[in-house]
Number of protein chains: 2
Amino acid sequence: MKHIIGHKNPDTDTICSAIAYQNFLIKQNTEAQAFALGELNKETQFILDEFGVQAPKQISELPQGAEIILLDHNEEKQSIDNINDLDIVEIIDHHKIKLETDKPISIYIKPLGSSCSIIAEKYFNEVVEISQVIASILIAGIISDTLFFRSPTTTAIDKKLVEKLNEIAKISDLEKFSLEMFNAKSDLGDISTEKLIKLDYKIFNFDGDDYGIGVMETTNKNFALDKKDEILEKLKEIKKTDNLMGVFFVVIDILEEKSWTLCSGNEENELFTKLFKAEEQEGTLFVDKLVSRKKQIVPTFEKHFKQQ
Amino acid sequence: MKHIIGHKNPDTDTICSAIAYQNFLIKQNTEAQAFALGELNKETQFILDEFGVQAPKQISELPQGAEIILLDHNEEKQSIDNINDLDIVEIIDHHKIKLETDKPISIYIKPLGSSCSIIAEKYFNEVVEISQVIASILIAGIISDTLFFRSPTTTAIDKKLVEKLNEIAKISDLEKFSLEMFNAKSDLGDISTEKLIKLDYKIFNFDGDDYGIGVMETTNKNFALDKKDEILEKLKEIKKTDNLMGVFFVVIDILEEKSWTLCSGNEENELFTKLFKAEEQEGTLFVDKLVSRKKQIVPTFEKHFKQQ
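Residues numbered from 1 in each chain as written. Chains lettered and ligands numbered in written order. Predicted model: local features only at pLDDT ≥ 70, side-chain atom pairs only at ≥ 80, totals over all residues. Heavy atoms only, no water.

**Some details on the interface of chain A and chain B**
Phase 1 of the analysis: Contacts between the two partners involve 22 residues from chain A and, on the opposite side, 22 residues from chain B.
Phase 2 of the analysis: Carbon and sulfur atoms make up 56% of the surface buried where chain A meets chain B, a total of about 1,900 Å² over both sides.
Phase 3 of the analysis: Contact with chain B buries surface across chain A, with Ile97, Pro104 and Ile107 of chain A losing the most and accounting together for 28% of the total.
Phase 4 of the analysis: For the pair chain A and chain B, the number of links is two salt bridges.
Phase 5 of the analysis: For aspartate 102 of chain B, the salt bridge is made with lysine 306 of chain A, and the minimal N-O distance between the two is 3.3 Å.
Phase 6 of the analysis: Of all the secondary-structure elements, those providing two or more residues to the side of chain A that touches chain B are strand E6 (98–100), strand E7 (106–109) and helix H11 (293–307) of chain A.
Phase 7 of the analysis: When the residues that make up the side of chain A that touches chain B are grouped by side-chain class, the tally is eight nonpolar, five polar and nine charged.
Phase 8 of the analysis: The pairing of E7 of chain A with strand E7 (residues 106–109) of chain B spans three bridges and is classified as antiparallel. (Contact = heavy atoms within 4.5 Å. Buried area = accessible area lost by both parts, 1.4 Å probe. Salt bridge = Lys/Arg side-chain N within 4 Å of Asp/Glu carboxyl O. Helix = DSSP H or I, 4+ residues; strand = E, 2+ residues; numbered from the N terminus. Nonpolar A, V, L, I, M, F, W, Y, C, P; charged D, E, K, R; others polar. Pairing = 2+ DSSP bridges.)

**Details of helix H3 (residues 115–125) of chain B**
Residues and elements named next belong to chain B.
Phase 1 of the analysis: Taken across its 11 residues, H3 has nine buried, putting it largely inside the fold.
Phase 2 of the analysis: As for H3, its buried residues are in contact with helix H1 (12–27), strand E4 (67–71), strand E5 (87–93), E7, helix H4 (132–145) and helix H5 (156–169).
Phase 3 of the analysis: The N-capping residue of H3, defined by a side-chain oxygen 3.3 Å from the backbone nitrogen of cysteine 116, is serine 114.
Phase 4 of the analysis: Just downstream of H3 lies valine 127, where phi reads positive at about 50°. (Buried < 20%, exposed > 50% of the residue type's maximum accessible area, 1.4 Å probe, protein only. Polar contact = N/O pair within 3.5 Å; in protein donor to acceptor, adjacent residues only side chain to side chain.)

**Topic: helix H3 (residues 115–125) of chain A**
Phase 1 of the analysis: Every buried residue belonging to H3 of chain A is among Ser115, Cys116, Ser117, Ile118, Ile119, Ala120, Glu121, Lys122 and Tyr123 of chain A, and all of these are buried.
Phase 2 of the analysis: On the buried face of H3 of chain A, the contacting elements are helix H1 (12–27), strand E4 (67–71), strand E5 (87–93), E7, helix H4 (132–145) and helix H5 (156–169) of chain A.

**With respect to the sheet that holds strand E1 (residues 2–5) of chain A**
The strands making up a sheet associate through hydrogen bonds between their backbones, and the pairing can be parallel or antiparallel.
Phase 1 of the analysis: Strand order in this open sheet of 12 strands is E3(A)-E2(A)-E1(A)-E4(A)-E5(A)-E7(A)-E7(B)-E5(B)-E4(B)-E1(B)-E2(B)-E3(B), and the pairing throughout is mixed. Each having just a single partner strand, strand E3 (57–58) of chain A together with strand E3 (57–58) of chain B make up the two edges of the open sheet.
Phase 2 of the analysis: Relative to the sheet, H1 of chain B contacts strand E1 (2–5), strand E2 (32–36), E4 and E5 of chain B, its axis offset from that of E2 of chain B by approximately 170°.
Phase 3 of the analysis: Against the sheet, H3 of chain B touches E4, E5 and E7 of chain B, its axis set at about 95° to E5 of chain B. (Axes fitted to C-alpha atoms, helices over the stretch in contact; angles between N-to-C directions.)

**What to know about the packing of H4 of chain B against helix H6 (residues 174–186) of chain B**
Residues and elements named next belong to chain B.
Phase 1 of the analysis: Viewed as axis vectors pointing N to C, H4 and H6 meet at an angle of 70°, and their least axial separation amounts to 10 Å. By the angle class used here, H4 and H6 are roughly perpendicular. Between H4 and H6 lies a crossing of right-handed hand. Along its contact with H4, which presents Ile139, Ala140, Ile143 and Ser144, the element H6 presents Leu174, Phe177, Ser178, Met181, Phe182 and Lys185.
Phase 2 of the analysis: Split into classes, the residues belonging to the contact of H4 with H6 amount to seven nonpolar, two polar and one charged. (Parallel < 35°, antiparallel > 145°, perpendicular 65-115°, else oblique. Left-handed = near helix turned anticlockwise from the far one by under 90°.)

**A closer look at the environment of alanine 32 of chain A**
All names here are of chain A.
Phase 1 of the analysis: Position of alanine 32 among the secondary structure elements: in strand E2 (residues 32–36).
Phase 2 of the analysis: Residues alanine 32 and serine 264, 232 residues apart in the sequence, show an inter-C-alpha distance of 41 Å.
Phase 3 of the analysis: Ignoring any residue separated from it by four or fewer positions in sequence, one finds alanine 32 in contact with Met1, Lys2, Ile4, Gln22, Leu25 and Ile26.

**With respect to the relation of the copies chain A and chain B**
Phase 1 of the analysis: Between chain A and chain B, the superposition needs a rotation of 180° and an axial shift of 0.1 Å, giving an RMSD of 0.1 Å. Both copies are brought into coincidence by an operation consistent with a two-fold rotation axis. Among all residues of chain A, the one whose C-alpha sits closest to the rotation axis is tyrosine 108 of chain A, at a distance of 2.4 Å.
Phase 2 of the analysis: A shared binding surface is used by both copies, with 100% of the interface residues of chain A retained as interface residues in chain B. (Least-squares fit on C-alpha atoms with pLDDT ≥ 70 in both.)

**Some remarks on the environment of leucine 188 of chain A**
Residues and elements named next belong to chain A.
Phase 1 of the analysis: Relative to the helices and strands, leucine 188 is located in the loop between helix H6 (174–186) and helix H7 (193–197).
Phase 2 of the analysis: Separated by 108 residues in sequence, leucine 188 and isoleucine 80 place their C-alpha atoms 25 Å apart.
Phase 3 of the analysis: Setting aside residues up to four positions removed in sequence, leucine 188 forms contacts with Lys42, Leu196, Leu199, Met216 and Phe223.

**Thoughts on the pairing of strand E10 (residues 246–253) of chain A**
Residues in a regular strand project their side chains so that they alternate between the two faces of the sheet.
Residues and elements named next belong to chain A.
Phase 1 of the analysis: By the criterion of burial, E10 is predominantly enclosed, with eight of the eight residues buried.
Phase 2 of the analysis: Of the two faces of E10, the one holding Gly246, Phe248, Val250 and Ile252 and the one holding Val247, Phe249, Val251 and Asp253 are both buried throughout.
Phase 3 of the analysis: Relative to E10, strand E9 (residues 209–218) runs parallel, the two being bridged by eight bridges. Note that in E10 the partner of valine 215 across the bridge is valine 250.

**What to know about the pattern of salt bridges**
Residues and elements named next belong to chain B.
Phase 1 of the analysis: As enumerated under the stated definition, the model contains 41 salt bridges over all chains in all.
Phase 2 of the analysis: Aspartate 87 is the salt-bridge partner of lysine 103, the closest N and O atoms lying 2.9 Å from each other. Taken together, the positions of lysine 103 in the loop between strand E6 (98–100) and E7 and aspartate 87 in strand E5 put the pair 16 residues apart, joining distant regions of the chain.
Phase 3 of the analysis: Judged by relative accessible area, aspartate 87 falls into the partly exposed class, the value being 23%.

**Here we look at the domain arrangement of chain A**
All names here are of chain A.
Phase 1 of the analysis: Splitting chain A by domain gives domain 1 (2–183) and domain 2 (193–306).
Phase 2 of the analysis: Each of domain 1 and domain 2 has a C-alpha centre, and these two points are 25 Å apart.
Phase 3 of the analysis: Interface of domain 1 and domain 2: buried area, both sides summed, is about 1,800 Å²; carbon and sulfur atoms make up 53% of it.
Phase 4 of the analysis: For domain 1, the biggest contributors to the area lost against domain 2 are Asn9, Leu147 and Arg150; these three give 29% of the whole.
Phase 5 of the analysis: At the boundary of domain 1 with domain 2, the tally comes to three salt bridges.
Phase 6 of the analysis: Between lysine 77 and aspartate 210 there is a salt bridge, with its nearest N and O atoms 2.9 Å apart.
Phase 7 of the analysis: At the boundary of domain 1 and domain 2, one finds five residue pairs in polar contact (both at pLDDT 80 or more).
Phase 8 of the analysis: Per element, the largest residue contribution to the side of domain 1 that touches domain 2 is three residues, and it comes from H6.
Phase 9 of the analysis: Here the side of domain 1 that touches domain 2 is composed, by residue class, of five nonpolar, nine polar and five charged. (Domains from an automatic or database assignment.)

**Section: the nonpolar core**
Burial of nonpolar side chains together is a common tendency in soluble globular proteins.
Phase 1 of the analysis: Core analysis: the largest hydrophobic core is formed by 144 residues, its most contacted members being Phe272 and Phe301 of chain A together with Phe272 and Phe301 of chain B.
Phase 2 of the analysis: Filtering out sequence-adjacent residues up to four positions away, phenylalanine 272 of chain A remains in contact with Phe248, Thr261, Cys263, Lys277, Ala278, Leu285, Val287, Leu290 and Phe301 of chain A.
Phase 3 of the analysis: The next biggest cluster of nonpolar side chains, apart from the first, holds 35 residues, and it includes Phe35, Leu37 and Ile68 of chain A together with Leu70 of chain B. (Core = buried A, V, L, I, M, F, W, Y, C linked by side-chain atoms within 4.5 Å.)

**Focus on the side chain of serine 292 of chain A**
Residue and element names in this part refer to chain A.
Phase 1 of the analysis: Structurally, serine 292 can be placed in the loop between strand E13 (284–288) and H11.
Phase 2 of the analysis: Among the polar contacts made by the side chain of serine 292, one reaches the main-chain amide nitrogen of lysine 294 at a distance of 3.4 Å.
Phase 3 of the analysis: Every residue in contact with serine 292, bar those within four places of it in the chain, is listed here: Ser151, Pro152, Thr153 and Ile297.

**Some remarks on unusual backbone geometry**
Residues and elements named next belong to chain B.
Phase 1 of the analysis: Within the chain, asparagine 243 stands out as a residue other than glycine whose phi angle is a positive 60°.
Phase 2 of the analysis: Considering the arrangement of structural elements, one finds asparagine 243 in the loop between helix H9 (228–241) and strand E10 (246–253).
Phase 3 of the analysis: Non-glycine residue glutamate 282 carries a positive phi angle of around 45°.
Phase 4 of the analysis: Mapped onto the elements, glutamate 282 comes out in the loop between strand E12 (279–281) and strand E13 (284–288).
Phase 5 of the analysis: According to the relative accessible area criterion, glutamate 282 is exposed, its value standing at 70%.

The following block contains the structure:
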């Protein structure tokens with residue numbers, strides 16, 4: 001049995017691509033099951049409810065020796081807790097790679113806007129039939145990860161795939177559907193401050209030191225900005241508890257394509273301001289058009305730390 | 001322009017897959033050219049002569065910023081000298097991975113018997129027409145890297161691909177063709193001892209130390225074994241000059257599926273004997289069925305050094 005695993009703090013793309021790849025493998029007579037490394041966010045839950053798809057089982061470990069397929073990630077730190085006891089047999093991803101294996105395995109990475117784009121391409125290339133439900137959740141994954149083509153990670157292929165998938169999915173108004181998705185994502189109810197910061201949060205190693213970067217993609221930025229002081233307090237706490245060199249929380253308005261960042265300390269504030277030419281705005285660091293952790297924020301940090 | 005680059009000490013699979021992928025990309029209107037990082041071996045030269053294919057241009061560096069595609073390797077040490085000045089845009093390989101990139105790139109790795117198998121699959125999957133010449137050199141690459149299906153790296157897919165490719169290539173007697181290939185490879189003329197050792201030679205890092213492992217796949221083992229004393233002398237010299245912890249030279253009879261190994265010192269002799277249950281045979285270390293550096297020799301060393 002192949003266990004298909006998305007990354008920790010699962011987002012819509014990681015969950016939808018894992019479910020779709022489970023379907024793809026089963027259609028090719030390979031036993032497979034998708035799993036989630038954490039609670040689903042409200043956007044993902046909205047999509048699964050909308051199309052009547054069951055959520056993947058939530059796990060944090062698997063039995064020793066289990067065969068796993070890593071979807072939408074390739075770094076150990078972002079994966080299942082006991083990854084070193086497991087047998088990685090395949091990786092499908094659209095991120096940069098940092099990986100060492102002790103035997104040849106299947107790796108398929110393409111610089112597309114989402115992992116759902118890669119799975120959709122596999123269906124089309126290998127001429128495997130796509131059901132209306134699978135086409136729908138693949139579209140949802142692509143829309144979510146590319147912010148409906150607003151993110152600089154978007155490629156022409158992503159757009160074409162959504163067009164082709166929607167011949168099957170027949171979603172009548174994609175713009176409206178994407179707004180419903182983003183609003184679902186923005187409706188965070190009485191979430192705790194720490195959970196808010198870690199909703200879409202990854203650890204990155206820059207030049208030997210670990211940094212935490214959380215992003216909140218939202219249509220309701222004030223949900224976070226109104227709690228600015230609590231968030232700043234919590235960022236300092238996380239920095240200390242998790243032994244990090246800095247923690248950044250980036251609130252991204254996905255419709256206006258602007259962001260407001262909060263940092264865990266003065267040095268981080270100065271660094272972020274310098275690197276992104278940020279403007280102080282009511283205690284936050286405002287940057288126009290800064291919307292992608294993968295394509296903009298992380299590469300800028302990496303370039304900076306490499307030059308030092 | 002995409003520069004397609006095989007590994008240093010090019011073998012038949014690296015050269016044939018690079019030429020075939022050049023053809024594949026050009027057919028899809030992408031400007032591409034295959035290059036060789038070193039002189040071709042006699043097997044490869046025999047194949048290119050046989051099918052009237054021009055050898056790729058030999059280079060050791062490319063202009064800064066050039067876009068490169070790594071074929072049949074993914075580790076910096078096995079690649080072009082100034083790799084850090086170049087822009088890796090794609091990797092196609094069938095080896096284990098040890099890689100870190102600073103942006104997402106296309107990576108396609110499959111645990112098949114050869115890189116030519118992966119290129120052949122790409123032609124078939126993406127329904128790109130294969131000419132008789134390209135089908136022929138793809139078959140040659142698969143036969144060479146799998147020792148005509150004798151190597152434990154061989155998969156069922158490799159065998160099927162050769163069958164399918166030969167519907168186009170129409171090589172009348174594959175067994176005879178493979179013998180001609182292996183004999184060409186074994187005919188080394190007045191090669192120097194150092195060149196003999198480094199014909200198919202790679203550096204591996206085990207637990208922080210570098211080791212050199214050369215293999216000679218041959219139908220005429222005595223060509224090397226008759227020069228045993230000169231080779232032993234040269235192994236010691238290479239160990240010293242190249243600052244290595246040990247150098248191994250494995251003479252593999254590809255028809256009988258046996259090997260005889262020479263080592264750069266007593267400690268290396270003892271280690272090799274212990275790890276592979278080798279038998280002393282006229283000053284060489286004989287092991288039955290030990291024929292694959294990738295699938296047998298390197299993993300055994302790695303397991304040993306990991307346990308320490």
